[in-house]
Amino acid sequence: MGELKLMKGNEALAEAAIRYGADAYFGYPITPQSEVIEYLSEQNPYERTGMVVLQAESELAAINMVYGAGASGKRVMTSSSSPGVCLKQEGLAYIAGAEIPCVFADVVRGGPGLGTIQPSQADYFQNTKGGGNGDYRNLVLAPASVQEMCDFVALGFDLAFKYRMAACILSDGAIGQMMEKVVLPDQKPRMTDEEIKAKYPWAINGRKNGTQHRIITSLDLDSAKMEEHNIHLQKKYKEIEENEVRYEMINCDDAEYVFVAYGSSARIAQKSVQLGREAGLKVGLLRPITLWPYPTKAIDALIKKGVKGFLSVELSCGQMIEDVRLACNGRVKAEHFGRVGGIIHTPEEVLEAMKKQIIGE
Amino acid sequence: MTEEIIIAGFGGQGVLSMGKILAYSGIMEGKEVSWMPSYGPEMRGGTANVTVIVSDERVCSPIINAFDTAVILNQQSLDKFESKVKPGGYLLYDPNGITKKPTRKDINIYTIEGAQLASDMGNSKVFNMIILGAFLKLRPIIDDKNVEEGLRHSLPERAHKLIPLNMEAVKVGKDNVKKA
């Protein structure tokens, strides 16, 4: 077993990057995720593993540094919060087009615009449906605990390199700022340049000894080639939809009504399930862990098992509900409940919403 | 066992660090814990509160609306959280600066003269540990030796020489909690 500590989600994310052998972190501070770069600066990772940590002059600079480092096959991470992630969208579209692996964390705060520094989940659309231009996807992982803030750094890098794309850790101000127990992994060594060359033949790291030149770009003015490239990307996304869906079910075996919630809302809804069960209601929780690819088939399976309705619980005005409804396809009732602007719903009001909007009391 | 606690006061009173020490002590006791802060943008003078949950089971929501115990360190926090204590629960407060006393009859209300006792000890910084001691007298969920371990883990090494003083403050808190 690894080292047991009490940490904030943001700190666990930062420590995990060092321990999982990341080569670089480029970021720009913004509440509520400034602890990431603070912690990394304080830890002096260059001394510990040789990992480079740099505070860029802006979010734009940071994401383009990620593009460069990722193109050379290095394990590179960045993080920000909502308005900062907006600024990174151009870079993320280029990263998708050029098929560069990287991990980015979005510790979401209330919006739109500068919004508030309090927790929110209103950037579901931005991260799961695009944000930048073009037909592309990012892998989106939604941690619901400090432990998962740590673990998903490893999962994010594994998936990002497996599919050559960006993996987003979609967190929020609550998960980022809260402290919980976390078991930290043992230190893994960073990959050597030789290992990177052997493992990632696409990486740009110097043309020597007769190797072919490699091109990493999102630009191609030949339409036929660009169409082919898009078809290739879509094929990759299809494969991910088949193989990488992750979710957790709590009390769903005999459930008649199911909350669908991710991240901090899933923690709250889990308490609502407890309160509902105490009151004799057959309620359960489906917690998507991957938001893209979405656990559409899990919802389908629940409907086939007899679930009569779903309540999508999000700290937003209703974004994930669209994916829940697509999965339901009109067969059963699916409604949204959520507080916004930095206000966090209580387990009691979430249960009340289930009773009122779905069960119908 | 699940104990859901809110600690609320001004920024600078050591509210968040008291919560952190409590959470770390809970880990040392082998419990599951969560620490969820909520504070105004100001570092000092603004209101600060933290929800700490110590449990034998996995903590589900770290954000809750009803508490087993409220530890209250200023009037605004009393106004805000008195009604949020579960019936039969505990409310512990420092009467210093409190002009409108709590009125509920269905909860257990106790006081601790934290500010006064810290001043008597000649160190205002141990205020939050006196409060922690008073809390642990009412809700003995964590052993003293695990509180000491919790301090060892949450304080930087350079502050470890202050652990005996902090444990003394915990004792002072335990000895001076009074039924209101």
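Residues numbered from 1 in each chain as written. Chains lettered and ligands numbered in written order. Predicted model: local features only at pLDDT ≥ 70, side-chain atom pairs only at ≥ 80, totals over all residues.

### Comments concerning the overall build of chain B
So, point 1. Within chain B one finds six helices and seven strands.
So, point 2. Listing every helix and strand of chain B by position from the N terminus yields β-α-β-β-β-α-β-β-α-α-α-α-β.
So, point 3. Scaling as 2.2 N^0.38, a compact globule of 180 residues should have a C-alpha radius of gyration of about 16 Å, and chain B matches this with 15 Å.
So, point 4. Dimensions of chain B, computed from C-alpha atoms along their principal axes, come out at roughly 40 × 40 × 35 Å.
So, point 5. Scored against the burial criterion, the 180 residues of chain B give a buried share of 47%.
So, point 6. Sequence separation of 24 or more characterises 60% of the internal contacts of chain B that already satisfy a separation of 6 or more. (Helix = DSSP H or I, 4+ residues; strand = E, 2+ residues; numbered from the N terminus. Rg over C-alpha atoms; globule rule 2.2 N^0.38 Å. Buried ≥ 20, exposed ≤ 12 C-beta atoms within 10 Å, placed from the backbone. Contact = placed C-beta atoms within 7 Å.)

### Observations regarding the overall build of chain A
So, point 1. Across its full length, chain A holds 15 helices and 14 strands.
So, point 2. Relative to the 2.2 N^0.38 estimate, which gives 21 Å for 361 residues, the radius of gyration of chain A is 21 Å and therefore close to what a compact globule would have.
So, point 3. Along the longest, intermediate and shortest principal axes, the C-alpha atoms of chain A span 75 × 50 × 40 Å.
So, point 4. The burial tally for chain A puts 51% of its 361 residues in the buried class.
So, point 5. Contacts spanning at least 24 positions in sequence make up 79% of the contacts within chain A whose residues lie at least 6 apart.

### With respect to the domain arrangement of chain A
Residues and elements named next belong to chain A.
So, point 1. In terms of domains, chain A is made up of domain 1 (3-193) and domain 2 (247-359).
So, point 2. For domain 1 and domain 2, the distance between their C-alpha centroids amounts to 27 Å.
So, point 3. Each partner contributes residues to the interface: domain 1 has 23 residues there, and domain 2 has 21 residues.
So, point 4. At the level of elements, helix H7 (124-128), strand E6 (139-141), strand E7 (166-172) and helix H9 (173-177) are the ones that each hand at least two residues to the side of domain 1 that touches domain 2.
So, point 5. A breakdown of the residues in the side of domain 1 that touches domain 2 according to their chemical character gives 13 nonpolar, eight polar and two charged. (Domains from an automatic or database assignment. Nonpolar A, V, L, I, M, F, W, Y, C, P; charged D, E, K, R; others polar.)

### Let's talk about the pairing of strand E2 (residues 24-27) of chain A
Residues and elements named next belong to chain A.
So, point 1. Residues of E2 alternate between two faces, with Ala24 and Phe26 on one and Tyr25 and Gly27 on the opposite face, all of them buried.
So, point 2. Sheet analysis places E2 next to strand E3 (residues 52-55), joined by four bridges and oriented parallel. From the neighbouring strand, Tyr25 faces E3, where its bridge partner is Val53.
So, point 3. Sheet topology places E2 next to strand E4 (residues 76-80); two bridges connect them, and they run parallel. Within the sheet, the bridge partner assigned to Ala24 lies in E4 and is Val76. (Pairing = 2+ DSSP bridges.)

### A word on the sheet that holds strand E10 (residues 257-260) of chain A
All names here are of chain A.
So, point 1. Strand order in this open sheet of five strands is E9-E11-E10-E13-E14, and the pairing throughout is mixed. One side of each edge strand has no neighbouring strand; the edge strands of this open sheet are strand E9 (247-250) and strand E14 (333-337). On average, adjacent strands in this sheet sit at an angle of 20 degrees to one another, irrespective of strand direction.
So, point 2. Note: E9 against strand E11 (residues 283-288), four bridges, orientation antiparallel. Paired with Ile250 across the bridge in E11 is Leu285.
So, point 3. Sheet strands touched by helix H14 (residues 321-328): E10, strand E13 (309-313) and E14. Its angle to E14, the strand with the most contacts, is close to 175 degrees. (Axes fitted to C-alpha atoms, helices over the stretch in contact; angles between N-to-C directions.)

### Thoughts on the interface of chain B and chain A
So, point 1. Listed by partner, the interface residues are 16 residues for chain B and 17 residues for chain A.
So, point 2. Those elements giving two or more residues to the side of chain B that touches chain A turn out to be helix H1 (15-28) and strand E2 (32-39) of chain B.
So, point 3. Residue composition of the side of chain B that touches chain A, grouped by class: eleven nonpolar, three polar and two charged.

### Some points on the packing of H1(B) against helix H4 (residues 127-138) of chain B
Residue and element names in this part refer to chain B.
So, point 1. Running from amino to carboxyl end, H1 crosses H4 at an angle of 45 degrees, the nearest separation of the two axes being 9 Å. Put simply, H1 runs oblique to H4. The hand of the H1/H4 crossing is right-handed. Residues Ser17, Met18, Ile21 and Leu22 of H1 lie in contact with H4, whose contacting residues are Asn128, Ile131 and Leu132.
So, point 2. Partitioned by chemical class, the residues of the contact of H1 with H4 number five nonpolar, two polar and no charged. (Parallel < 35°, antiparallel > 145°, perpendicular 65-115°, else oblique. Left-handed = near helix turned anticlockwise from the far one by under 90°.)

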